[in-house]
Amino acid sequence: MSGTLLAEVLTGGVRGGTSILFAALGETICERAGVVNLGTEGNMLMGAMTGYAVASITGNTWVGVAAGAAAGGALALLHAYFVLNRRTNQLATGLVLLFLALGVTSLFGVAYVKADIDAFQPVAVPGLSSLPFLGEIFFEQTVLTYLAYALVPALWWLLFRSRWGVVLRAAGERSEVLATYGYRVKPVQYLAVVAGGCLGGLGGAQLSTAYTNAWFENMTQGRGFIAVAVVIFAGRHPIKVAGGSLLFGAALALAPALQARGYSVNQFALDAVPYLLTIVVLVLLGKRESAQPPEGLQKVFEGSAVT
Amino acid sequence: MSSRTPRPSRALIALAGLAMVAGACGSNQTPAEKAASGSGGSTPATGAGAPGAGSTKVGFIFVGPKDDYGYNQAAYQGSQAVKAGVPGIEVLTAENVPETDEAVRVMEQMIDKGAKIIFATSYGHLDPATKVAAAHPDVVVVQQGNLIKGTVASNMGTYFGTVYEPVYLAGIAAGKATKSNKLGYVYAFPIPQTIANINSFELGAKSVNKDAKTYVVNTSNWCDPAKQAEAAKSLISQGVDVITQHQDCTSTVTKEAESAGISVVGYHADASTLAPKGWLTGSEWKWDDLYVDIVKTAKDGKFPGSKYNANYRVGYKTGTNPFVQSKYGPSVSDDTKALIEKAKKEISGADGSPFKGPIKAQDGSELFPAGVPADYATIEDKNKAFVEGVVGDMPKMN
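Since the structure is predicted, the reported quantities are computational estimates derived from the model, not experimental observations.

What counts as what
- Residues numbered from 1 in each chain as written.
- Chains lettered and ligands numbered in written order.
- Predicted model: local features only at pLDDT ≥ 70, side-chain atom pairs only at ≥ 80, totals over all residues.
- Heavy atoms only, no water.
- Helix = DSSP H or I, 4+ residues; strand = E, 2+ residues; numbered from the N terminus.
- Rg over C-alpha atoms; globule rule 2.2 N^0.38 Å.
- Buried < 20%, exposed > 50% of the residue type's maximum accessible area, 1.4 Å probe, protein only.
- Contact = heavy atoms within 4.5 Å.
- Domains from an automatic or database assignment.
- Buried area = accessible area lost by both parts, 1.4 Å probe.
- Salt bridge = Lys/Arg side-chain N within 4 Å of Asp/Glu carboxyl O.
- Polar contact = N/O pair within 3.5 Å; in protein donor to acceptor, adjacent residues only side chain to side chain.
- Expected span 1.5 Å × (residues − 1).
- Nonpolar A, V, L, I, M, F, W, Y, C, P; charged D, E, K, R; others polar.
- Pairing = 2+ DSSP bridges.
- Patch = residues over 30% accessible without salt bridge, like charges linked within 9 Å, V, L, I, M, F, W, Y side chains within 5 Å.
- Areas by Shrake-Rupley, 256 points an atom, 1.4 Å probe, with all protein chains shown as cover.
- Axes fitted to C-alpha atoms, helices over the stretch in contact; angles between N-to-C directions.
- Parallel < 35°, antiparallel > 145°, perpendicular 65-115°, else oblique.
- Left-handed = near helix turned anticlockwise from the far one by under 90°.
- Phe/Tyr/Trp six-rings, centres within 6.5 Å; stacked < 30°, edge-to-face > 60°.

(A) The overall build of chain A, seen in detail. When helices and strands are counted, chain A shows 13 helices and two strands. Taken over C-alpha atoms, the radius of gyration comes to 19 Å for chain A, in line with the 19 Å a tight globule of 307 residues would show. The principal-axis extent of the C-alpha atoms belonging to chain A is close to 60 × 45 × 40 Å. Across the 307 residues of chain A, 53% fall into the buried class. The long-range fraction of contacts in chain A, counting pairs at least 24 apart against all pairs at least 6 apart in sequence, stands at 76%.

Shown next as structure tokens:
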């Protein structure tokens, strides 16, 4: 099974990029509705720990994944309450909730470090997996990765082609207008933040139940922040977000693939490549009007409260 | 009976700090701080007045949680062995003690409770341990893994095992098990201890299989399971059929190997249940005997001048190495086990060592000249390059 370097790196990119993709799609929904969740890393941790723990307790990995998504959503619900009801600073609240998640997951996760689960294994998609080159890269992955594939166009349609999407984006752009038309803004934003948190949790659960088959304290190692960065640099567009997530994954897969072939690498350069490459590519791709953040978000970054 | 000394809460520390400021007359220093600023060493003789003599309590501080399935858990288990192995002793333990002056406070609390023997089990606990030892000449403070530079106070010492010895033996199991002659090593950083492990693993494998090569991939992180998964997959795709690691968290690589149907050599802990088919053997900490002996030595008033009152390093050649070989998996043949027994005898002998020269580095230069290297410290220090047979470069750090 010794494939080419390129195919191996891209396969690893899809595999490793899936958790970031889930979280980034979630953050896309959240930011489109005018709320930044810097605690995406925390949502992923909740999902990774809960997903692994519940999968081990129930013996059913799907139940674990569902629980992981719910746990990510629960943390996001707190975020929504604080920033929408209590009008706290969005950036600070996200970070505080990340630290909460870090503490909670390391406390309750200890019991599951040695637990065993029936982890997701790669499943070849009949037909598609025999496509030359692309088959092994995209269609010999786990079911959760296929779910992520499906979510990308679904979210695009939802945001840009459905009535829901118009309402959601209006909440993020200029919520006064939405209110004038008789919509209640807060429930829309609540829904967006919680849905985003669920996807972050799903990303974390993919990390623990499909990718690494393990739970360890702080195992997300900053992937939630990568997801937020990808969303921002990809202009909150689901297709570009998907590209950025997989690109980051591929850049991460480059180091071990090169090393296993005996190539000499520069530690610092290789550790920095994923970040630099992803940012450069997304900045180049994102130089269009669509990269403008929603008006509601601009207020967050300029320091005034979102109304 | 064991009681826990909880880590003091931040609020308490803040209060203590306030109290010190309010006091402002200079007498509020902790004894350790006094000693650090003032005079220190008295030199008690052995016997009843010796440091640690007659202690009925012993304190252990750990940098991490006691359930990390690695370094800290092993140290914690050692502390529990002291409870069982030394009649009438009470064991105080504190987890998550940072390598700062907070460690001084935790140790002071233990001393206040009557402990006269303290184990500071993390590398970075040396500075706080030195302060506490200076402040309490009647208390024995031993530190795990670091080296005291200069004179060693009569109530201090460091101790550690020789990690690469069981790794060498595991390398023999790997060299016999491989069919592709490709072994994989997932490591974190190119530090001397890790390089010694990788070299020792390859030398062990090569001693029974001259074609065995070790392929190395680093993760630049002690515990990033996603990077570990990718590292293992990359190695496996290159045809590696035995994999091992030097990581803090070990289950991802172990499970990855098992599900790929290849063999795995463990590190830090016995993970044989995670790889019932592929598990060969491994290396793990077993501090019980050493801890018990240190405590007994101190309790009997014999600590000053003893081997523990120094930078004590123990390996097969000098005693019982606390880094031991894990149990064998089902696929290891009796033939291989006999080879390992034989090798263990050889490297335990006066003229034996995994690093018995001549040993060449990757670039053909001589890493170890003919003969047996001087001592354990020299060996670790000389492991700054990979030996011949290791495939892959050390990452450049600049």
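(B) Region of the structure containing the domain arrangement of chain B. Residues and elements named next belong to chain B. For chain B, the assigned domains read domain 1 (44–162 + 287–314) and domain 2 (164–284 + 323–391). Between the C-alpha centres of domain 1 and domain 2 the distance comes to 31 Å. Listed by partner, the interface residues are seven residues for domain 1 and eight residues for domain 2. Approximately 590 Å² of surface area, both sides summed, lies buried where domain 1 meets domain 2, with 62% of it carried by carbon and sulfur atoms. Applying the counting criterion to the domain 1 and domain 2 interface returns zero salt bridges. Applying the counting rule to domain 1 against domain 2 returns two residue pairs in polar contact (both at pLDDT 80 or more).

(C) Expanded view of helix α4 (residues 101–112) of chain B. All names here are of chain B. The first and last C-alpha atoms of α4 sit 17 Å apart over 12 residues, in line with the 16 Å expected at 1.5 Å per residue. Among the residues of α4, those classed as buried are Glu102, Ala103, Val104, Val106, Met107, Glu108, Met110 and Ile111. Just downstream of α4, Gly114 is the residue with a positive phi angle, here 110°.

(D) Broad picture of the interface of chain B and chain A. Contacts between the two partners involve 36 residues from chain B and, on the opposite side, 35 residues from chain A. Across the chain B to chain A interface the summed buried area is about 3200 Å²; carbon plus sulfur atoms make up 52%. Along the contact surface separating chain B from chain A lie three salt bridges. Residue Lys255(B) pairs with Asp116(A) through a salt bridge whose shortest N-O separation is 3.7 Å. Seen at the junction of chain B and chain A, the total is 13 residue pairs in polar contact (both at pLDDT 80 or more). Going through the elements one at a time, β8 (213–218), α8 (225–237) and α9 (251–259) of chain B are the ones with two or more residues in the side of chain B that touches chain A. Looking at the side of chain B that touches chain A, its residues break down into 16 nonpolar, 11 polar and nine charged.

(E) Representation of the pairing of strand β11 (residues 279–285) of chain B within the structure. Residues and elements named next belong to chain B. Taken across its seven residues, β11 has six buried, putting it largely inside the fold. Looking at chain direction, strand β10 (residues 263–268) and β11 are connected through four bridges and run parallel. Following the sheet pairing, Val264 is matched in β11 by Trp279. Judged from the three bridges that link them, β11 and strand β13 (residues 323–325) form a sheet pairing that is antiparallel. Looking at β13, one finds that Glu284 is bridged to Val324.

(F) Quick peek at a nonpolar patch on the surface. There is a patch of nonpolar side chains on the surface, built from Leu6(A), Leu10(A), Leu128(A), Leu131(A), Phe133(A) and Leu134(A) and spanning about 490 Å² of accessible area. With respect to the helices, strands and loops of the structure, Leu134(A) is situated in helix α5 (residues 134–138).

(G) The sheet that holds β11(B), seen in detail. Residue and element names in this part refer to chain B. Pairing is mixed across the open sheet formed by seven strands, whose spatial order is β13-β11-β10-β9-β7-β8-β16. The sheet is open, and its two edges are formed by β13 and β16 (390–391), each paired on a single side. Inspection of the sheet shows β8 paired to β16 by two bridges, in the parallel sense. The partner of Thr214 across the bridge, within β16, is Val390. Lying over the sheet, helix α6 (residues 164–177) contacts β7 (182–187), β9 (242–246), β10, β11 and β13, oriented at roughly 175° with respect to β11.

(H) The environment of Leu25(A), seen in detail. Residue and element names in this part refer to chain A. Mapped onto the secondary structure, Leu25 falls in helix α1 (residues 5–32). With relative accessibility at 1%, the residue Leu25 sits in the buried group. Considered as a pair, Leu25 and Arg174 are 149 residues apart in the sequence and their alpha carbons are 22 Å apart. With sequence-adjacent residues up to four places away left out, Leu25 is seen in contact with Ala148, Leu151, Val152, Leu155, Leu199, Pro238 and Val241.

(I) Examining the packing of helix α3 (residues 61–85) of chain A against helix α9 (residues 185–211) of chain A more closely. Residues and elements named next belong to chain A. With their axes 6 Å apart at the nearest point, α3 and α9 run at an angle of 140° to one another. Considering the angle they form, α3 stands oblique to α9. Here the hand of the crossing between α3 and α9 comes out right-handed. By residue class, the composition of the contact of α3 with α9 is 13 nonpolar, 10 polar and one charged.

(J) Broad picture of the packing of aromatic side chains. Summed over the entire model, instances satisfying the criterion amount to 28 aromatic pairs over all chains. An angle of 75° between the planes, with centres 5.0 Å apart, marks the rings of Trp62(A) and Phe120(A) as edge-to-face. Of this pair, Trp62(A) sits in helix α3 while Phe120(A) sits in the loop between α4 (90–109) and β1 (123–124), and the two are 58 residues apart along the sequence. Measuring from centroid to centroid gives 5.4 Å for Tyr185(B) and Phe201(B), while their planes differ by 90°, and the two rings are edge-to-face.

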